[in-house]
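Residue-level structure breakdown
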Amino acid sequence: MTTGGHGTDGVERRGLMFVLSSPSGAGKTTLSRLLIDRMPGLKMSVSATTRAMRPGEVDGRDYLFVDKARFDAMVKGDELLEWATVFDNSYGTPRGPVEVALSAGQDVLFDIDWQGTQQLREKARADVVSVFILPPSAADLEKRLHSRAQDSDEVIRKRMSRASHEMSHWAEYDYIVINHDVDEAFAEVQSILKAERLKRERRTGLVGFVRNLQGQLQG
Ligand SMILES: Nc1ncnc2c1ncn2[C@@H]1O[C@H](COP(=O)(O)OP(=O)(O)OP(=O)(O)O)[C@@H](O)[C@H]1O
Ligand SMILES: Nc1nc2c(ncn2[C@@H]2O[C@H](COP(=O)(O)O)[C@@H](O)[C@H]2O)c(=O)[nH]1
């Protein structure tokens, strides 16, 4: 699915799909914003959803807010790379922007659930790096959902009751980060991305780079 771009050291490499999943409220959005602000070459995938907009959310920035008819048309038209029903709403990743970013050599960040992650893995296993974020405790998770102050008590109850099921998929992920402290969790997620960018298999330009070095040594 990916073609190529250049790493900061100038060696060509394939772009990667960096996925964050967690039970609702564990901190994916918080960590995603930090990653986008601080990691050049990383582009956020903006999902389509049928869920209602929360206070402060912006259409086109946080999500593409669409109605069910439009969402179904996107599915039918093969416009989504993956999609799933989460908490009674439809969510999906528009294919076009992801393909454009990867072709331009950028990495793409996804805040999606375990169902979407499974679909991405089926499509492009070698290019997917997945991180599952765990809250330090159930009490912290509930406190975070309340402190976000954007969902009703009923919605929060539903999300808490689904948390254990969401978490049952943790072992399908490449990395697990426990989000006690935002700065520490961010540093861990950032280290994962930095290391994955250096993986030999992604660095398609290394053969030429090493040949050139050897040529210099022999010449
Ligand atoms: N380490 C932390 N300590 C305390 N509060 C945190 C921490 N990480 C995130 N939060 C807060 O918890 C709330 C939920 O975080 P966030 O919205 O990032 O979760 P999420 O995983 O994206 O949730 P959802 O799946 O519902 O979108 C926010 O108010 C955020 O500021
Ligand atoms: N499979 C997908 N899951 C997605 C996508 N976009 C978001 N999500 C997940 O939905 C829940 C709820 O999100 P919220 O913004 O309503 O709190 C959360 O787990 C997200 O990761 C998507 O495109 N595909």
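Per an unreviewed UniProt entry, the chain is named Guanylate kinase, and its organism is Bradyrhizobium xenonodulans. One UniProt comment on the chain, placed under Subcellular location (unreviewed entry), says "Cytoplasm". Quoted verbatim from the Sequence similarities (unreviewed entry) field of the UniProt record, the comment on the chain reads "Belongs to the guanylate kinase family."

1. Some details on the overall build of the chain
The secondary structure content of the chain amounts to 8 helices and 11 strands. Rg of the C-alpha trace for the chain: 19 Å, near the compact-globule value of 17 Å for 219 residues, within the 12% margin. By principal-axis analysis of the C-alpha atoms, the chain measures approximately 70 × 40 × 30 Å. In the chain, which comprises 219 residues, the proportion classed as buried is 46%. For the chain, the share of sequence-separated contacts (at least 6 apart) that also reach a separation of at least 24 residues comes to 68%. Entry remark: accessible area of the chain is about 11,300 Å², with carbon and sulfur atoms responsible for 53%. Once the 30 positive and 32 negative side-chain charges of the chain are each reduced to a mean point, those two points are 3 Å apart.

2. A short note on the UniProt feature "binding site: ATP" (unreviewed entry) in the chain
UniProt marks Ser22, Pro23, Ser24, Gly25, Ala26, Gly27, Lys28 and Thr29 with the feature "binding site: ATP" (unreviewed entry), using the numbering shown here. Of the annotated positions mentioned, Ser22, Ser24, Gly25, Ala26, Gly27, Lys28 and Thr29 line the largest pocket. With respect to the secondary-structure elements, Gly25 resides in the loop between β3 (17-21) and α1 (28-38). For Gly25, a relative accessible area of 17% corresponds to the buried category. You can see Gly27 is positioned in the loop between β3 and α1. On the basis of relative accessibility, which here comes to 11%, the residue Gly27 falls in the buried class. When sequence neighbours within four positions are dropped, the list of residues in contact with Gly27 reads Ser22 and Asn179.

3. Thoughts on a negative patch on the surface
A cluster of acidic residues, Asp181, Asp183, Glu184 and Glu188, forms a negative patch at the surface. Note that Asp183 resides in helix α7 (residues 182-197). Residue Asp183 is classed as exposed on the basis of its relative accessible area of 54%.

4. Looking at the UniProt feature "domain: Guanylate kinase-like" (unreviewed entry) in the chain
UniProt tags residues 15-194 as "domain: Guanylate kinase-like" (unreviewed entry). For residues 15-194, the helix share is 44%, the strand share is 23%, and the end-to-end C-alpha distance is 12 Å.

5. Considering the site of ligand 1
Residues in contact with ligand 1 amount to 17 residues; listed here are only the nearest, Ser24, Lys28, Thr29, Thr30 and Asn179. Between ligand 1 and Ala26 there is a distance of 3.4 Å, counted from an oxygen atom to a backbone nitrogen or oxygen. Here Lys28 contributes a side-chain N or O atom positioned 2.6 Å from an oxygen atom of ligand 1. Protein chains shield 78% of the accessible area of ligand 1, which is 640 Å² for the free molecule. According to the grid-proximity analysis, the pocket containing ligand 1 is the largest pocket. Broken down by secondary-structure element, the contributors of at least two residues to the shell around ligand 1 are α1 and α5 (138-148). Taken together, the residues that form the shell around ligand 1 break down as 2 nonpolar, 9 polar and 6 charged.

6. With respect to the environment of Ile156
Relative to the elements of secondary structure, Ile156 occurs in helix α6 (residues 153-167). For the pair formed by Ile156 and Gly25, sequence separation is 131 residues and the distance between their alpha carbons is 9.3 Å. Once you skip the residues sitting within four places of it in the chain, Ile156 turns out to touch Leu145, His146 and Asp151.

7. Side note on the site of ligand 2
Residues in close proximity to ligand 2 total 17 residues, the closest being Ser47, Arg51, Tyr63, Tyr91 and Arg159. Ser47 has a polar side-chain atom sitting 2.7 Å from an oxygen atom of ligand 2. For ligand 2, a nitrogen atom lies 2.8 Å from a polar atom in the side chain of Asp113. When ligand 2 is considered free in solution it has 510 Å² of accessible area, and contact with the protein chains removes 96% of it. Here ligand 2 is seated within the largest pocket. Those elements giving two or more residues to the shell around ligand 2 turn out to be β7 (80-86) and β8 (89-94).

Basis of the calculations
- Residues numbered from 1 in each chain as written.
- Chains lettered and ligands numbered in written order.
- Predicted model: local features only at pLDDT ≥ 70, side-chain atom pairs only at ≥ 80, totals over all residues.
- Heavy atoms only, no water.
- UniProt positions renumbered as here; feature names shortened; annotations may be inferred.
- Helix = DSSP H or I, 4+ residues; strand = E, 2+ residues; numbered from the N terminus.
- Rg over C-alpha atoms; globule rule 2.2 N^0.38 Å.
- Buried < 20%, exposed > 50% of the residue type's maximum accessible area, 1.4 Å probe, protein only.
- Contact = heavy atoms within 4.5 Å.
- Areas by Shrake-Rupley, 256 points an atom, 1.4 Å probe, with all protein chains shown as cover.
- Lys, Arg positive; Asp, Glu negative; His and termini not counted.
- Charge placed at Lys NZ, Arg CZ, Asp CG, Glu CD.
- 1 Å grid on protein atoms, 1.4 Å probe; cavity = no way out; pocket = protein on both sides within 12 Å on 5 of 7 lines; lining within 4 Å.
- Patch = residues over 30% accessible without salt bridge, like charges linked within 9 Å, V, L, I, M, F, W, Y side chains within 5 Å.
- Salt bridge = Lys/Arg side-chain N within 4 Å of Asp/Glu carboxyl O.
- Near = heavy atom within 4 Å.
- Polar contact = N/O pair within 3.5 Å; in protein donor to acceptor, adjacent residues only side chain to side chain.
- Sits in = over half its atoms within 2 Å of the grid points.
- Nonpolar A, V, L, I, M, F, W, Y, C, P; charged D, E, K, R; others polar.

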